[in-house]
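# Coordinate inspection notes
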Amino acid sequence: MAEAVLIDLFGLKLNSQKNCHQTLLKTLNAVQYHHAAKAKFLCIMCCSNISCERDGAQDNCELETGNGLSALLKEFEIVSCPSMAACLYTIKQKIDERNLSSIKVIVPRHRKTLMKAFIDQLFTDVYNFEFEDLQVTLRGGLFKQSIEINIITAQELREIQNEIETFLRSLPALRGELTIITSPLIPDIFIHGFTTRTGGISYIPTLSSFNLFSSSKRRDPKAVVQENLRRLANAAGFNMEKFYRIKTHHSNDIWIMGRKEPDSYDGITTNQRGVTIAALGADCIPIVFADPVKKACGVAHAGWKGTLLGVAMATVNAMIAEYGCSLEDIVVVLGPSVGPCCFTLPRESAEAFHNLHPACVQLFDSPNPYIDIRKATRILLERGGILPRNIQDQNQDLNLCTSCHPDKFFSHVRDGLNFGTQIGFISIRE
């Protein structure tokens, strides 16, 4: 049973002819009869413009309330916006506020493929959609079953994407201004930084607002994440068309740019100018590496597994082997991560950190000792030959615990499965 029901009247002319209103009344009555008891959200979508133009057609959406419609419409929330993108995004917000995921869309057959294309861009696999045909009035003024259009051309898809992008660009930043944390260790020949959670458009509480990763398990669609990334690129000064994220597998595999890209990897290195590489983090450490002498850089994602597997030194070794970097020239900056105040592991897993150095573990004799993955990373880097003065893991906001600071950072430990993601990024200026 659908948790939400959406009736698509966008761009349809609902004139005052008796048969038109009788058919609409019949549809609304059926929805109320079948869904009102269990559905938590009943919605009608229509256009607020005097004319809504698509595919060369201009149709006035006049939702008159005579002939028994007025009382019935009180059971429905009417979302009226100037564009399809605005309407569906507004409806998505209302669905997310209620934490709903099963949605029935009652849509004219000739608009079903178009509706699905918009939904594909604005929703993720968290949501389950079913579709039902709606009889509509076309230009002749009579209700009839329209012909379903099954194909969206590449040009039409691009127009849909452009409409969505334009709308998302118009949205205000949430939770304050966009903030980028930088390190004085990294010279100005590089563009680099670590993001926080402020200044983006993601509105879901655990993703708000500068979430930079979309997946099938989260409610933030790629379009929203791309808009957040666009705002970051503009603020930091890099080209988002040449932006690459790691493909996390909690391992020590490194992609050396220019070679074949692996299926998954927790580190990237490059010496290509103008290419921005990024490591994800939401308790795990996003690490940035820079060699100003050989003009090479790298990033790594270090969770507890990756830390023990040596992903940080694997990135360093890749830079040495590929670009001829020297250990004494490489600087390493650890981005914000969960602290030993909030991160625990079962004792058998904590033992490996204790063996690395006892200072990495607190309350080791407890069933779930507290782990300091930052200290462990520094120890491994120093043992690998990185100069202690060339490692920054303190100062500014870099050493704040992500779990302890919900105003600044996302956290998987704190927020659960629907957590947001911040990044550490670096590029060589062109």
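Along each chain, numbering runs from 1 in the same order as the chain's sequence is written. Given that this is a predicted model, residues contribute local features only at a pLDDT of at least 70 and side-chain atom pairs are listed and counted only at 80 or more, while totals for whole chains, interfaces and linings are drawn from all residues. Side-chain numbers come from the whole structure's heavy atoms, not from hydrogens or water.

### Re the environment of V107
Test applied: Only DSSP runs of H or I covering at least 4 residues are called helices, and only runs of E covering at least 2 are called strands; the numbering of each starts at the N terminus. A simple rule labels every residue: compare its accessible area, found with a 1.4 Å probe on the protein chains alone, to the largest value its type can have, and call it buried under 20%, exposed over 50%, or partly exposed in between. Here a residue-residue contact requires only that any non-hydrogen atoms of the pair lie within 4.5 Å.
Assignment of secondary structure puts V107 in strand 6 (residues 102-108). For V107, a relative accessible area of 0% translates into the label buried. Counting along the chain gives 26 residues from V107 to D133, while the straight-line C-alpha distance between them is 5.4 Å. In this structure V107 touches D8, K112, M115, F131, E132, D133 and L134, once residues within four positions along its chain are discounted.

### Considering the sheet that holds strand 10 (residues 180-181)
The test is simple: Any two strands with at least two DSSP bridges between them are considered paired. In this description, a line fitted to the C-alpha atoms serves as the axis of each element, helices being fitted only across the stretch in contact, and the angle between N-to-C directions of two axes falls anywhere from 0 to 180 degrees.
What the five strands build is an open sheet, ordered 10-11-22-15-12; its pairing is mixed. The strands lining the two open edges of the sheet, one partner per strand, are strand 10 and strand 12 (243-245). Direction of pairing for strand 10 relative to strand 11 (residues 190-195): antiparallel, over a ladder of two bridges. Residue I181 lies in a different strand from strand 11, and its bridge partner there is F194. Here helix 6 (residues 222-236) sits on the sheet in contact with strand 10, strand 11, strand 12 and strand 22 (422-428), set at roughly 120° to strand 12.

### Remarks on the sheet that holds strand 13 (residues 254-256)
Within the open sheet, the six strands sit side by side as 13-14-17-16-18-21. Their pairing is mixed. Two strands lie at the open edges of the sheet, namely strand 13 and strand 21 (391-392), each paired on one side alone. The pairing of strand 16 (residues 285-291) with strand 18 (residues 331-334) spans four bridges and is classified as antiparallel. Its bridge partner being in strand 18, F289 is matched across the sheet by V332.

In short, the description is geometric, and any link to function would need to be established separately.
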